[in-house]
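What the coordinates show
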Amino acid sequence: MPEGHVVHRQAKEITRLFSRQQVAVDSPQGRFSDSAKQITGSVLTKAEARGKHLFIKFTDSSEIHVHLGLYGKWTFLESPPEPKGLIRLRLITPGACAELRGPNACSLLTSAESKEVRKRIGPDPIRRDDPSTTRDKVLSSSAPIGALLMDQKLFAGVGNIYRAEVLFRHNINPNDQGRSLTNETFNAVWEDLCVLMKAGVRTGRIDTVYPEHEPRAMKRKAREDRHGGEVYVYRRDGQPCHVCGSEILMTSMLGRNLFWCPQCQK
DNA sequence: GCCATATGGAAAG
DNA sequence: TTTCCCTATGGCA
């Protein structure tokens, strides 16, 4: 259930554990069996993330493409335990084991097919990709910025939490049209995503609250939430805004819950 | 045990 | 715009 920062961490971990090694690949659940048989025993070169997509590369230039979707999860272990639950894919070496459960996508691609997938992925703030095409599209779009931020072709790796938080940090109403933003505001938002998401890669949690706004009493509770960090608005509906005290609201946009402060984000 | 929910995205209508 | 897929978990009875 990750946003881009988690996928980048997983890419690093897979590279660290498996690169330049022969890897046994299997699929206890069965749905990846044919591909696993094809690739097992190959040498893994590296894993890399593009937004929320993960590509695990092998020396023959084929790649396993993984997208976790809402439920997908990697588990890293020193050695493979008796398979428990539904494991789509396992990577095993003498020293390490990675288990993948519940991904939205998991398939073996040729390098040509991988190229096609990559075309659908826009600039990624964590990689500090060039945002100029995104800027052009956003600044001329009539779609709400809250929707544009979820478009992976525009902001690869941004998910529901970073969307809500970055809008709050820049006092932007989620319903504002993309073209209502100034160039400066767009640049500030993009730069902020780079900083926030790279911090997320380092820490493995999403922290977006400036120190001066951290309410002592809420620290513990916020930290216990699933994203692991402290936030202004995400899943805080009904609670008071850390900045102005207004009640945080929840509405639906693109079928996802969107959280925002009606006072700070007019 | 049952039900709702979840940081996503593609396909169907 | 709705439906569907993939799986685990937390709250509640």
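Conventions adopted
- Residues numbered from 1 in each chain as written.
- Chains lettered and ligands numbered in written order.
- Predicted model: local features only at pLDDT ≥ 70, side-chain atom pairs only at ≥ 80, totals over all residues.
- Heavy atoms only, no water.
- Helix = DSSP H or I, 4+ residues; strand = E, 2+ residues; numbered from the N terminus.
- Rg over C-alpha atoms; globule rule 2.2 N^0.38 Å.
- Contact = heavy atoms within 4.5 Å.
- Areas by Shrake-Rupley, 256 points an atom, 1.4 Å probe, with all protein chains shown as cover.
- Near = heavy atom within 4 Å.
- Polar contact = N/O pair within 3.5 Å; in protein donor to acceptor, adjacent residues only side chain to side chain.
- Nonpolar A, V, L, I, M, F, W, Y, C, P; charged D, E, K, R; others polar.
- Buried < 20%, exposed > 50% of the residue type's maximum accessible area, 1.4 Å probe, protein only.
- Pairing = 2+ DSSP bridges.
- Domains from an automatic or database assignment.
- Buried area = accessible area lost by both parts, 1.4 Å probe.
- Salt bridge = Lys/Arg side-chain N within 4 Å of Asp/Glu carboxyl O.

**Looking at the overall build of chain A**
A count of helical and extended segments in chain A gives 8 helices and 11 strands. Taken over the C-alpha trace, chain A has a radius of gyration of 20 Å; the compact-globule value for 266 residues is 18 Å, and the two agree within 12%. When the backbone C-alpha atoms are referred to their principal axes, chain A occupies close to 55 × 40 × 30 Å. Partitioning the intrachain contacts of chain A with sequence separation of at least 6 by distance along the chain shows that 61% fall at a separation of at least 24. Carbon and sulfur atoms make up 48% of the accessible area of chain A, which amounts to about 12900 Å² in all.

**A closer look at the protein's contact with DNA strand C**
Surrounding DNA strand C, one finds 9 residues, the nearest of these being Q29, R31, Y71, R101 and G102. Of everything in DNA strand C that lies within 4 Å of the protein, sugar and phosphate atoms constitute 54%. Between DNA strand C and the protein, one listed contact pairs a phosphate oxygen with a side-chain N or O atom of Q29 at 2.3 Å. At 3.4 Å from a phosphate oxygen of DNA strand C is found a side-chain nitrogen or oxygen belonging to R101. Looking at the surface near DNA strand C, its residues break down into 2 nonpolar, 3 polar and 4 charged.

**A closer look at the pairing of strand β5 (residues 63–67)**
With 5 of 5 residues buried, β5 is to be regarded as a mostly interior element. Residues E63, H65 and H67 point to one face of β5 and I64 and V66 to the other, with burial holding for every one of them. Where strand β4 (residues 53–58) meets β5, 5 bridges bridge the pair, whose relative direction is antiparallel. The residue bridging K57 from the neighbouring strand is E63, located in β5.

**A look at the domain arrangement of chain A**
What the domain assignment lists for chain A is domain 1 (4–119) and domain 2 (125–260). Once you take the C-alpha centre of each, domain 1 and domain 2 turn out to be 29 Å apart. On the side of domain 2, 18 residues touch domain 1, which itself brings 11 residues to the contact. Both faces combined, the contact of domain 1 with domain 2 buries some 1000 Å², and carbon together with sulfur accounts for 60% of it. The three residues of domain 1 that bury the most area against domain 2 are H5, R9 and K52, which together make up 52% of that side's buried surface. Our count for the domain 1 to domain 2 interface comes out at 0 salt bridges. Taken together, the links from domain 1 to domain 2 amount to 4 residue pairs in polar contact (both at pLDDT 80 or more). Mapped onto the side of domain 1 that touches domain 2, the elements with two or more residues apiece are α1 (4–18) and β3 (43–50).

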